[in-house]
Amino acid sequence: MSALLEISDLHAGYDRREVLRGVNLFVRPAEIVVMIGPNGAGKSTLLRTVFGFLRPQRGEVRLEGEPLGGLSPPEVLRRGVCYVMQGYSVLPNLSVYDNLLLGAYVRRDRRVREDVERVLERFPILRERRREKARVLSGGERRMLELARVLLLSPKLVLLDEPTLGLAPAVVDQVYGMVHDLRAQGIAFFVVEQNARTALRNADRAYVLEQGRVRFEGRGEEILHHPEVQRAYLGGSVTPPAAPGGTPPPPPPE
Ligand SMILES: Nc1ncnc2c1ncn2[C@@H]1O[C@H](COP(=O)(O)OP(=O)(O)O)[C@@H](O)[C@H]1O
Ligand SMILES: [Mg+2]
């Protein structure tokens, strides 16, 4: 197995407070990996630590085998990791076009404007609205803008924190449609979600984080059908219960 991102025995938190208590996980190239878990489990803390906003207290984060721990966010970005934070990260008073340009600020080459044009070709809705302020975009269009901006950096891995929070179901599907499109180009995604059902359906693999530790892991479908996950996160069963005497689905590997 060649992992793109590999996290081993990661402990991290705030001041003396430990939020992550020994997290192990990996993301392969061009894989869509989802992490679900209750509010306060440490999902955002994990993304902040990978991206370099927080330093690991113990354990390691590796990208293509190279340690990331201790690098600053711009350095992590230059290694090919993008982070789309929880809540909207577009600047509402800048135009769609300027938001795109700003997203590429860490690039040192001079082809940014050409690339912005290329990206706009791929997102006609944004192209039409390129001169409008980002604040007039709908929630789904802002997500589109965030993902378009990420494309300008040609990342290997994108970290998404709650990308579908507050979006209508049809828009949620559009967001995941974009994620699948970008994955087809070789970009891996590590997505943290409370919208567990949709996230798991779109995941190659998934992890459940509880109180700073990975409680379950498996293929997206396996986690979706895991009885305990269903009880805790999906409000009951996804498929009709098995007939009496039927075999329960196997638990995912720990
Ligand atoms: N900046 C911070 N300073 C101190 N504690 C924080 C900070 N951000 C989050 N926490 C705490 O860390 C724990 C995990 O939070 P978080 O990673 O945001 O969880 P999740 O994203 O899974 O909801 C929570 O108990 C939260 O209160
Ligand atoms: Mg969070």
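Considering all chains together, one arrives at 3 aromatic pairs under this definition. Ring geometry for Phe 51 versus Tyr 83: centroids 5.2 Å apart, planes at 50°, classification tilted. Separated by 32 residues along the polypeptide, Phe 51 in helix α1 (residues 43-51) and Tyr 83 in strand β6 (residues 81-84) bring together distant segments of the chain. Among the residues examined, Tyr 83 registers a relative accessible area of 12% and is labelled buried. Between the aromatic rings of Phe 53 and Tyr 83, the centroid separation amounts to 6.1 Å while the plane-to-plane angle is 55°, which identifies the pairing as tilted. Here Phe 53, found in the loop between α1 and β4 (58-63), pairs with Tyr 83, found in strand β6; they are 30 residues apart in sequence, far enough to count as distant. Among the aromatic residues, those joined into a cluster by ring pairs are Phe 51, Phe 53 and Tyr 83.

A separate point is the site of ligand 1. The local shell around ligand 1 consists of Tyr 14, Arg 17, Val 19, Pro 38, Asn 39, Gly 40, Ala 41, Gly 42, Lys 43, Ser 44, Thr 45 and Arg 48. Here an oxygen atom of ligand 1 sits 2.8 Å away from a polar atom, N or O, in the side chain of Lys 43. Within the side chain of Ser 44, an N or O atom sits 2.9 Å from an oxygen atom of ligand 1. When ligand 1 sits alone it has 560 Å² of accessible area, and the protein chains cover 63% of it. Those elements that provide at least two residues to the shell around ligand 1 are β2 (17-27) and α1. Per element, the largest residue contribution to the shell around ligand 1 is 4 residues, and it comes from α1. Per-class residue counts for the shell around ligand 1 are 4 nonpolar, 5 polar and 3 charged.

A few words on the nonpolar core. One finds Ile 7, Leu 25, Leu 46, Leu 157, Leu 159, Phe 189 and Phe 190 to be the most contacted residues of the largest nonpolar core, which totals 84 residues. Per-element accounting of this core gives the leading share, 7 residues, to helix α7 (residues 169-184). If we skip the residues at most four places from it in the chain, Ile 7 touches Val 23, Asn 24, Leu 25, Leu 46, Val 50, Glu 60 and Val 61.

Under the defined criterion, the tally for this structure stands at 16 salt bridges. Here Glu 132 ties to Arg 129 by a salt bridge, and the two come within 3.2 Å at their closest N and O atoms. For Glu 132, a relative accessible area of 32% puts it in the partly exposed group. One salt bridge connects Arg 183 with Asp 204, and the closest N-O pair in it is separated by 2.7 Å. Here Asp 204 lies in the loop between α8 (196-201) and β9 (205-210) and Arg 183 lies in helix α7, a separation of 21 residues in the sequence. Three or more residues are tied together by salt bridges with common partners; here these are Arg 28, Glu 31 and Arg 205.

The N-to-C vectors of helix α3 (residues 96-103) and helix α6 (residues 139-151) enclose an angle of 40°; their axes lie 8 Å apart at closest approach. As the angle between them shows, α3 and α6 are arranged oblique. Handedness of the crossing formed by α3 with α6: right-handed. For the pair α3 and α6, the contacting residues are Val 96, Asn 99, Leu 100 and Gly 103 in the first and Leu 145, Ala 148 and Arg 149 in the second. For the contact of α3 with α6, a count of residues per class yields 4 nonpolar, 2 polar and 1 charged.

Among the structural elements, Thr 198 can be located in helix α8. With relative accessibility at 18%, the residue Thr 198 sits in the buried group. Within the local environment of Thr 198, its side chain forms a polar contact with the side chain of Asn 195, the two groups lying 3.3 Å apart. Apart from the residues within four sequence positions on either side, Thr 198 is in contact with Val 172, Asp 173 and Tyr 176.

Basis of the calculations
Residues numbered from 1 in each chain as written. Chains lettered and ligands numbered in written order. Predicted model: local features only at pLDDT ≥ 70, side-chain atom pairs only at ≥ 80, totals over all residues. Heavy atoms only, no water. Phe/Tyr/Trp six-rings, centres within 6.5 Å; stacked < 30°, edge-to-face > 60°. Helix = DSSP H or I, 4+ residues; strand = E, 2+ residues; numbered from the N terminus. Buried < 20%, exposed > 50% of the residue type's maximum accessible area, 1.4 Å probe, protein only. Near = heavy atom within 4 Å. Polar contact = N/O pair within 3.5 Å; in protein donor to acceptor, adjacent residues only side chain to side chain. Areas by Shrake-Rupley, 256 points an atom, 1.4 Å probe, with all protein chains shown as cover. Nonpolar A, V, L, I, M, F, W, Y, C, P; charged D, E, K, R; others polar. Core = buried A, V, L, I, M, F, W, Y, C linked by side-chain atoms within 4.5 Å. Contact = heavy atoms within 4.5 Å. Salt bridge = Lys/Arg side-chain N within 4 Å of Asp/Glu carboxyl O. Axes fitted to C-alpha atoms, helices over the stretch in contact; angles between N-to-C directions. Parallel < 35°, antiparallel > 145°, perpendicular 65-115°, else oblique. Left-handed = near helix turned anticlockwise from the far one by under 90°.

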